[in-house]
Amino acid sequence: MAELLDAPAPAAPVDARAAGGPEARLPGLLLAAVAVIATCGLIYELIAGTLASYLLGDSVTQFSTIIGAYLFAMGIGSWLSRFLEGSLLRWFIRLEILVGLVGGCMAPLLFLSFEYVASFRLLLYTLVGLTGVLVGLEIPLLMRILEHRYPFKDLVARVFTFDYVGALLASLIFPLVLVPQLGLIRTSLVFGALNLAVAAVVLARFPETRPYRRRFGVGIAAALLGLAVLFGFANKLLAYTETLAFQDQVIYSKSTPYQRIVLTRNPRELRLFLNGNLQFSSADEYRYHEALVHPLMQALPQARRVLVMGGGDGLAVRELLKYPRLTSIKLVDLDAGMTELFKHNELLLSLNKGSLNNPKVQVINADAYQWIRQDTTRYDAIIVDFPDPGNYSIGKLYSAAFYTALAKRLASGGRLVVQSTSPFLARQSFWCVAHTLAAVGLHTIPYHLYVPSFGEWGYVLAGPDTHWRGDMSPLPAGLRYITPATIHDMLRFPPDMSEVPTEVNQLNNQVLVRYFEEDWGPYVH
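About the thresholds
Residues numbered from 1 in each chain as written. Predicted model: local features only at pLDDT ≥ 70, side-chain atom pairs only at ≥ 80, totals over all residues. Heavy atoms only, no water. Pairing = 2+ DSSP bridges. Helix = DSSP H or I, 4+ residues; strand = E, 2+ residues; numbered from the N terminus. Axes fitted to C-alpha atoms, helices over the stretch in contact; angles between N-to-C directions. Contact = heavy atoms within 4.5 Å. Phe/Tyr/Trp six-rings, centres within 6.5 Å; stacked < 30°, edge-to-face > 60°. Buried < 20%, exposed > 50% of the residue type's maximum accessible area, 1.4 Å probe, protein only. Lys NZ or Arg CZ within 6 Å of the ring centre and 35° of its normal. Parallel < 35°, antiparallel > 145°, perpendicular 65-115°, else oblique. Left-handed = near helix turned anticlockwise from the far one by under 90°. Nonpolar A, V, L, I, M, F, W, Y, C, P; charged D, E, K, R; others polar. Expected span 1.5 Å × (residues − 1). Arc of directions from axis to C-beta.

Some thoughts on the sheet that holds strand β10 (residues 443-451)
Pairing within the open sheet is mixed, and its seven strands lie in the order β7-β6-β5-β8-β9-β11-β10. The open sheet has two edge strands with one neighbour each: β7 (361-364) and β10. Across this sheet, the average inter-strand angle for adjacent strands is 15°, counted without regard to direction. Bridge count for strand β9 (residues 410-419) against strand β11 (residues 455-463) is four bridges, and the pairing is antiparallel. Across the sheet, the residue bridging to V418 is V460, located in β11. The strands touched by helix α17 (residues 427-439) are β9, β10 and β11; relative to β11, the strand with the most contacts, the crossing angle is about 0°.

Digging into the packing of aromatic side chains
On inspection of all chains with the given rule, the structure shows 15 aromatic pairs. Here the aromatic rings of F430 and W431 are separated by 5.0 Å at their centres, their planes lie at 90°, and the arrangement is edge-to-face. Judged by centre distance (5.7 Å) and plane angle (40°), the rings of F430 and F493 are tilted. Linking F430 in helix α17 with F493 in the loop between α18 (484-490) and α19 (511-520), this pair joins segments that are 63 residues apart in sequence. On the basis of relative accessibility, which here comes to 0%, the residue F430 falls in the buried class. These aromatic residues form a ring-pair network of at least three members: Y369, F386, F402 and Y403. R373 extends its terminal NZ or CZ atom over the ring of Y369, reaching a point 4.0 Å from the ring centre.

As for the environment of A193
In this fold, A193 is placed in helix α7 (residues 183-205). We classify A193 as partly exposed; its relative accessible area is 24%. Considering only alpha carbons, one finds A193 and L225, 32 residues apart in sequence, at a separation of 9.4 Å. Aside from chain neighbours lying at most four places away, what touches A193 is L224 and L227.

Quick look at the sheet that holds strand β2 (residues 260-265)
In spatial order, the strands read β1-β2-β3-β4; together these four strands make up an open sheet with antiparallel pairing. Lying at the two open borders of the sheet, with one neighbouring strand each, are β1 (249-255) and β4 (277-281). The average undirected angle you get between the axes of adjacent strands in this sheet is 20°. Across six bridges, β1 lies against β2 in antiparallel orientation. If you follow K254 over to β2, its bridge partner there is I261.

Some remarks on the packing of helix α4 (residues 88-113) against helix α5 (residues 120-146)
α5 packs onto α4 with a crossing angle of 160° between their chain directions and a minimal axis gap of 9 Å. By the angle between their directions, the pair α4 and α5 is classed as roughly antiparallel. In this structure, α4 crosses over α5, and the sense of that crossing is left-handed. Grouping the constituent residues of the contact of α4 with α5 by class yields 22 nonpolar, three polar and three charged.

What to know about helix α8 (residues 213-232)
The end-to-end C-alpha distance of α8 is 28 Å, a good match for the 28 Å that 20 residues give at a rise of 1.5 Å each. Turning to α8, its buried residues are F216, I220, A223 and L227. Looking down the long axis of α8, one finds its buried residues gathered within 65° of arc, a one-sided arrangement. Exposed and facing more than 90 degrees away from the buried side of α8 are R214, V218, L225 and G232. Turning to α8, the residues buried within the fold contact α4 and α7.

Pasting the structure below:
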């Protein structure tokens, strides 16, 4: 069989299906390997893109550049495959061992190095490039191994069919199963082990591997043992990397299909981080959430039905439940991992007062952009509490198209409020939100306050009329920051936060994301 692999192609290709015995099944084994290595290759690409978006932000930019670099590297690998000569099966086994080690260790290595390496992007793209080159070598090499066993047209059809099936499988299981169940580090290690398993099976099944079977077998076993040890310590490894990234003790961390959730604690406060970005501190979140909810509710003394978009922590809902007159509160948040955490964790239940378990509250886990177009209910008040528009997937929730859909869901006389980032640190971004709301026909009332954990923070209240100026109905008892006087103060903007001209954030231009990057860029290290 070794002679068959290295000999010139015969005039009439041999169809392996015509042969009997065990060797007739070996080409099929290699075709099955195509599906496995295609799945592994795409998984490594998805891991790199997801990890980059977690650590560096801006998921669209990270995924775009990672995919481009990875595909380019695969092209280089495909071109380099022409220089591999001699025993092609031996080269294939070497290659699978290398892919298993490099791809399998990519996620743990990147997590560990993030806080230590000065040029993290260089390391990231070096690993992406190396993995891409190795993956790019695989399919051309397999096609050369199989070229004498199928007619050329059948060979191309079979190889690429298995390749694309593997890619489909990877794209389905990565967000639905692997990230929520295993996390990025263990997923990387598991698929590294799959590449090593392919090498082991090929090594064991093909007779021509006997001369080097023992030596390669020891290497594969050692590599699998190393990946298994890392798999066993994956949680400790990730916990260690997060202790480097966060100043306080990490008491909870979990990767969901949408984000990395981390809770930290010190003697003074509890903090929530999503993808490394601070969302609230228990020491002063009441300022943020009272300012988000109570000016709006003071303007709507007859409000009964409220919609909350985002706010999966239940803290805005906690403030809403201080109004007994409310009969219905719907909360729409994409991430079930987030809402379930804030429904059941004892520490968090004490913070949000169990608001998400209140019988008046309906929690809906759905994409807000899609859900609002299917909803038919009209609401007296809508509270929009999304993360800042740091990438295009969130920027669409600050677009004119989204605000138009929200305005259609307002009852007569209804109003909405949008958290709108900092009018001091992100002045263009703040006023872009206000101008976008105005562009869809809503009257806007911008306001701001100081939150110690974030600095000056801004909101925009919007509705169809101009009657409200902060004194329409009494506030509930027991508020820690908001009073009629502080509401009036929040309406005044000093010169360094006053209105500046901006474009409207349209769905097809996402100018707000660019403003946000320009505004916050000097403060991000």
